[in-house]
Amino acid sequence: MNQVVDQPTEKVNLLDFDRQGLRDFFAQLGEKPYRAEQVMKWIYHHLEDNFENMTDVGKTLRAKLEASCYIGPPKTVFDKAAADGTHKWLLGMDGGNAIEAVYIPEPTRGTLCVSSQVGCGLNCQFCSTATQGFNRNLSTAEIIGQMWVAAKYLGNITHQNRRITNVVMMGMGEPLLNFDNVVKAMSLMRDDLGFGLASKRVTLSTAGLVPMIDKLSETIDVSLAVSLHAANDELRTELVPLNKRYPIAELMASCNRWLARKPRTSITFEYTLMKGINDQPEHARQLIKLMRRMPNCKVNLIPFNPFPGTRFERSDATVIRDFQTQLLNAGVLTMLRRTRGDDIDAACGQLKGQVLDRTRRQAEFRKRLDEGVIHAV
């Protein structure tokens with residue numbers, strides 16, 4: 001378990017800087033830019049948080065760094081492993097808040113699911129995080145620090161022993177509502193002096209903030225996933241309230257603009273299957289019609305993962321298979337996500353953490369649960 005001692009507030013956390021930001025900070029210290037890159041390599045390639053162990057950094061500079069800054073990833077409150085090898089970390093924030101990060105190992109890849117906010121303000125009806133409400137955005141250090149903690153635990157060595165081959169901004173929160181900090185963190189994931197991942201291996205998942213999708217496509221080269229979950233506006237607005245502001249037609253137009261700017265990429269559309277809600281043949285037909293306008297994109301079907309108090313249920317296995325078959329027969333590239341880590345509440349849609357809610361949604365959810373309006377599972 002990784003433990004980090006609290007640092008004085010006047011010191012600067014170097015995890016908050018991307019490469020250019022670190023160069024600028026070192027310039028303020030009167031140091032050459034290459035010194036910043038030396039230290040950056042120690043932080044992300046060697047996962048070193050002690051300046052004294054940076055052997056090719058001069059003693060005078062080490063003392064200067066010790067006096068003015070620190071390397072501070074989030075504290076691990078606890079970590080837990082699932083039977084299938086999935087690993088979850090609860091990471092402490094300020095004031096009693098905590099967020100979750102999840103590592104999913106597979107034979108050919110290792111994917112880390114990273115959070116961008118403490119809670120989430122979007123209130124998607126089928127997501128456990130939404131019931132916790134919202135507290136604040138995470139800093140760049142708190143976002144990239146999740147990867148730092150996981151990499152340290154897993155023995156990840158950049159460019160050599162890659163235990164983490166893919167990162168998805170798909171944990172707690174809506175990444176595009178924390179745009180600047182998320183982009184800086186993703187640039188560190190991609191930077192050769194950072195974690196060195198290819199653009200296609202860093203994915204941002206959004207519920208559909210149309211203006212920010214456009215801004216993202218102009219700012220950084222990463223992969224895009226869209227949480228769709230319904231192919232008609234009435235149902236999608238019920239499931240994803242953001243759809244009322246940015247309905248499907250506007251969302252798909254922004255996706256087409258993304259593809260026009262990045263012609264060699266595709267977009268993944270995530271579709272969580274809920275029993276009797278969005279899993280019927282007519283729903284599949286609506287989705288097929290929508291995907292015919294996006295011929296190079298794919299659909300990722302996600303069996304719903306239950307959590308206490310939810311009114312939704314997972315679709316039956318035969319219904320899921322039939323839904324996928326209907327899409328495949330229509331020529332829609334369709335993947336079925338295997339549920340991982342549900343025995344430790346680490347599956348998609350189950351991340352909860354600890355949120356000091358500023359939205360009152362948590363209190364309202366618990367009141368409805370106590371009154372029997374919704375039921376524990």
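Heads up: the structure comes first, above all this text.
All of the points below concern the structure found in this document.

Definitions and limits used
- Residues numbered from 1 in each chain as written.
- Predicted model: local features only at pLDDT ≥ 70, side-chain atom pairs only at ≥ 80, totals over all residues.
- Heavy atoms only, no water.
- Helix = DSSP H or I, 4+ residues; strand = E, 2+ residues; numbered from the N terminus.
- Phe/Tyr/Trp six-rings, centres within 6.5 Å; stacked < 30°, edge-to-face > 60°.
- Buried < 20%, exposed > 50% of the residue type's maximum accessible area, 1.4 Å probe, protein only.
- Salt bridge = Lys/Arg side-chain N within 4 Å of Asp/Glu carboxyl O.
- Arc of directions from axis to C-beta.
- Contact = heavy atoms within 4.5 Å.
- Core = buried A, V, L, I, M, F, W, Y, C linked by side-chain atoms within 4.5 Å.

## A few points about the environment of Gly331
Part 1 of the argument: Residue position: Gly331 is located in the loop between helix H11 (317-329) and strand E14 (333-336).
Part 2 of the argument: A sequence separation of 43 residues divides Gly331 from Ile288, and the C-alpha atoms of the two residues are 8.5 Å apart.

## What about the packing of aromatic side chains?
For any pair of aromatic rings, the description consists of the separation of the ring centres together with the inter-plane angle of the planes.
Part 1 of the argument: A complete count under the given rule lists seven aromatic pairs for this structure.
Part 2 of the argument: Aromatic pair Phe17 and Phe25: ring centres 5.3 Å apart, planes at 25 degrees, arrangement stacked.
Part 3 of the argument: By relative accessible area, Phe25 is classed as buried at 8%.
Part 4 of the argument: Residues Tyr44 and Phe195 carry aromatic rings whose centres are separated by 5.4 Å and whose planes lie at 75 degrees to one another, so their mutual orientation is edge-to-face. Taken together, the positions of Tyr44 in helix H2 (residues 33-44) and Phe195 in the loop between helix H6 (179-190) and strand E10 (202-206) put the pair 151 residues apart, joining distant regions of the chain.
Part 5 of the argument: Given the relative accessible area of 2%, Tyr44 is considered buried.

## A word on unusual backbone geometry
Part 1 of the argument: Unusually for a residue other than glycine, Leu47 sits at a positive phi of about 55 degrees.
Part 2 of the argument: Mapped onto the fold, Leu47 is located in the loop between H2 and helix H3 (59-68).
Part 3 of the argument: For Leu47, a relative accessible area of 5% translates into the label buried.
Part 4 of the argument: In the Ramachandran plot, His229 falls in the positive-phi region, its phi being about 70 degrees despite a non-glycine side chain.
Part 5 of the argument: Considering the arrangement of structural elements, one finds His229 in the loop between strand E11 (223-227) and helix H8 (233-239).
Part 6 of the argument: Taking relative accessible area as the criterion, His229 reaches 4% and is therefore assigned buried.

## Let's talk about the pattern of salt bridges
Part 1 of the argument: In this structure the tally under the stated criterion is 14 salt bridges.
Part 2 of the argument: Residues Asp191 and Arg19 are paired through a salt bridge, measuring 2.6 Å at the closest nitrogen-oxygen approach. One end of the pair, Asp191, is in the loop between H6 and E10; the other, Arg19, is in helix H1 (residues 19-28), and 172 residues separate them in sequence.
Part 3 of the argument: On the accessibility criterion, Asp191 (16% relative accessible area) is buried.
Part 4 of the argument: Judged by its relative accessible area of 28%, Arg19 is partly exposed.
Part 5 of the argument: Here Asp214 and Arg261 are joined by a salt bridge, their closest N and O atoms 3.7 Å apart. Pair noted here: Asp214 is in helix H7 (residues 210-219) and Arg261 is in helix H9 (residues 248-261), with a separation of 47 residues, a long-range link.
Part 6 of the argument: Because the salt bridges share partners, they merge into one network encompassing Arg19, Arg23, Glu37 and Asp191.

## Some details on H3
Part 1 of the argument: Inspection of H3 places Leu61, Arg62, Leu65 and Ser68 among the buried residues, and these make up the whole buried set. Along the long axis of H3, the arc covered by the buried residues comes to 140 degrees, so they all point the same way. Along H3, the residues that are exposed and aim more than 90 degrees away from the buried face are Lys59, Thr60 and Ala67.
Part 2 of the argument: Tucked into the core, H3 has its buried residues touching strand E1 (12-13), H1, H2 and strand E2 (69-70).

## Quick word on the nonpolar core
Part 1 of the argument: Core analysis: the largest hydrophobic core is formed by 107 residues, its most contacted members being Leu14, Met186, Leu216, Phe269 and Met291.
Part 2 of the argument: Counting residues per element, this core draws most heavily on helix H5 (residues 140-154), at nine residues.
Part 3 of the argument: Those residues in contact with Leu14 that sit more than four places away from it in its chain are Leu22, Phe25, Val39, Ile43, Phe51, Cys69, Tyr70 and Ile71.

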